[in-house]
Amino acid sequence: MLQAFIDDSGNDGKSPVFILAGYVASFENWETFSEEWDRVLNPEDGFQMGVLKMKNAYSNRRRRSPYFGLTDQEMEDRLKSLVGVINRHAMHGVVSVIPYAIYNRLIRGKFNLLGTSTLDRPYWISFFGIMARLLQVTKHLKLDDKVDFIFDTQDNESKPLLMSEYDRFINLAPPDLRNLSGGYPIFKKDDEVLPLQAADMLAWHVRRHYFDRYAGRDPTKEPNNIFLANLFKPKHDILDLWDEDRLEQLATALNKSSWMQRSGIPMTLPDPSSIYRF
């Protein structure tokens with residue numbers, strides 16, 4: 001059994017992009033990963049970090065920080081060691097990127113999903129898109145194992161709605177991809193499931209890369225780039241970019257047939273097979 005652990009970043013209203021990112025590996029690899037990850041975070045002799053949350057990683061000089069007491073060099077060394085744990089055990093990284101400006105212009109406020117504003121947030125599309133991409137890659141690599149999807153808990157997303165639409169998503173998938181799914185996605189907390197902390201680390205650094213780019217800086221010359229370069233390698237890992245052309249295709253699919261928006265009539269998820277074809 002393969003397991004993909006996925007976390008998000010950029011859902012704070014300030015980021016120019018929304019990110020879902022994480023890693024896939026075998027169940028056995030994740031077990032060994034978790035043991036090593038915890039040893040790096042919480043050594044018997046030395047500062048114990050508890051759990052890794054990248055939003056706090058560079059606030060170690062602040063007294064209220066959970067990492068107060070670590071010097072800048074100690075924090076950098078600890079993060080480098082965690083990158084090494086990821087590289088030793090994860091098979092592939094995966095990153096989904098949705099630019100807010102394009103998404104808001106083409107999708108937000110234009111579709112009424114089951115009477116909710118679900119499509120006003122990019123999480124929904126990225127959620128199904130990243131699963132489709134991982135199933136495609138699993139097939140391409142001729143891996144026979146099924147994939148379990150474990151996402152970080154999302155308090156502002158409807159789990160029942162996601163699960164009901166997952167049924168349509170997987171039933172409309174090509175049979176060879178459908179058979180690779182391990183079942184319904186699972187939601188866990190990253191302070192309890194250590195591989196989700198690795199997903200958080202990747203998602204944070206990808207969001208930072210785009211934040212610097214949109215701010216007019218060269219992200220490859222920023223201090224964080226050395227971490228991203230070792231966390232995500234384009235020749236080995238999967239970048240699922242929702243650019244303008246792709247989001248326009250999605251908007252067209254959402255407007256077709258029974259998906260044509262009508263006042264007062266809630267819509268369901270578009271034919272998920274269109275996600276597989278993008």
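Being a predicted model, the structure only gives us computed values, none of them experimental. (Residues numbered from 1 in each chain as written. Predicted model: local features only at pLDDT ≥ 70, side-chain atom pairs only at ≥ 80, totals over all residues. Heavy atoms only, no water.)

Student: Is there a simple way to think about the overall build of the protein chain in this case?
Tutor: Scanning the protein chain from terminus to terminus reveals eleven helices and six strands. The 278 residues of the protein chain split such that 54% are buried. (Helix = DSSP H or I, 4+ residues; strand = E, 2+ residues; numbered from the N terminus. Buried < 20%, exposed > 50% of the residue type's maximum accessible area, 1.4 Å probe, protein only.)

Student: How should I be thinking about the sheet that holds strand β1 (residues 2-9) in this particular structure?
Tutor: Paired through their backbone hydrogen bonds, the strands of a sheet run either parallel or antiparallel. Sheet architecture is open: six strands sit in the order β5-β4-β1-β2-β3-β6, paired in mixed fashion. Of all the strands in the sheet, the pair left with one neighbour each is β5 (186-188) and β6 (238-241). Averaged over neighbouring strand pairs, the angle between their axes works out to 20° when direction is ignored. Bridge count for strand β2 (residues 17-26) against strand β3 (residues 92-99) is eight bridges, and the pairing is antiparallel. Looking across to β3, one finds that V17 is bridged to P99. Contacts from helix α1 (residues 27-41) reach β1 and β2 within the one sheet, and its direction differs from that of β2 by about 105°. (Pairing = 2+ DSSP bridges. Axes fitted to C-alpha atoms, helices over the stretch in contact; angles between N-to-C directions. Contact = heavy atoms within 4.5 Å.)

Student: Looking at this structure, I do not really get the pairing of β2. What am I missing?
Tutor: Along any regular strand the residues' side chains alternate between the sheet's two faces. Within β2, ten of the ten residues are buried, which leaves it mostly tucked inside the rest of the structure. As judged from the eight bridges shared by β1 and β2, these two strands associate in the antiparallel manner. Across the sheet, the residue bridging to I6 is G22, located in β2.

Student: Please explain α1 as it appears in this structure.
Tutor: For an α-helix, 3.6 residues make a turn, and residues three or four places apart therefore share a direction. Spanning 15 residues, α1 covers 21 Å between terminal C-alpha atoms, matching the ideal 21 Å at 1.5 Å per step. For α1, the complete set of buried residues consists of W30, F33, S34, E36, W37, V40 and L41. The secondary structure elements touched by the buried residues of α1 are β1, β2, α3 (72-89) and α8 (194-214). (Expected span 1.5 Å × (residues − 1).)

Student: Just to check I follow, could you spell out the pairing of β1 for this structure?
Tutor: Within β1, eight of the eight residues are buried, which leaves the element mostly enclosed by the surrounding structure. Here β1 shows a buried face lined by L2, A4, I6 and D8 and a second buried face lined by Q3, F5, D7 and S9.

Student: Just checking my understanding: could you explain the nonpolar core for this structure?
Tutor: As a rule of thumb, soluble globular proteins bury nonpolar side chains together. By size, the foremost hydrophobic cluster in this structure holds 44 residues, and its most contacted members are I107, M131 and F151. Broken down by secondary-structure element, the contributors of at least two residues to this core are β1, β2, β3, α4 (100-106), α5 (123-140), β4 (147-152), α6 (159-171) and α10 (244-255). Per-element accounting of this core gives the leading share, eleven residues, to α5. The contact partners of F151, leaving out residues within four places of it in the chain, are I6, L20, Y123, F127, I130, M131, P185, I186, F187, K188 and L196. W37, V193, L194 and F227 belong to the second largest nonpolar core, which has 41 residues in total. (Core = buried A, V, L, I, M, F, W, Y, C linked by side-chain atoms within 4.5 Å.)

Student: Please explain the packing of aromatic side chains as it appears in this structure.
Tutor: The description of an aromatic ring pair uses the distance of the two centres, along with the angle that the planes make with each other. Taken as a whole and assessed by the stated rule, the structure comprises 14 aromatic pairs. Aromatic side chains F5 and W30 sit 5.1 Å apart centroid to centroid with 80° between the ring planes, which places their arrangement in the edge-to-face category. Taken together, the residues span a long stretch of sequence, with F5 in strand β1 and W30 in helix α1 at a distance of 25 residues. Of the two residues examined, F5 and W30, each falls in the buried class. Taken together, a centroid distance of 6.1 Å and an interplanar angle of 35° make the contact between F151 and F187 tilted. Here F151 is found in strand β4, whereas its partner F187 is found in strand β5, with 36 residues between them in sequence. Judged by its relative accessible area of 1%, F151 falls in the buried class. One aromatic cluster in this structure is built from F18, Y123, W124, F127, F128, F151, Y166, F169, Y184 and F187. The ring of F187 has K159 sitting right over it, with the charged end atom 4.9 Å from the ring centre. If you follow R246 out to its NZ or CZ, it ends over the ring of W242, 3.6 Å from the centre. (Phe/Tyr/Trp six-rings, centres within 6.5 Å; stacked < 30°, edge-to-face > 60°. Lys NZ or Arg CZ within 6 Å of the ring centre and 35° of its normal.)

Just distances and angles here, no functional claims.
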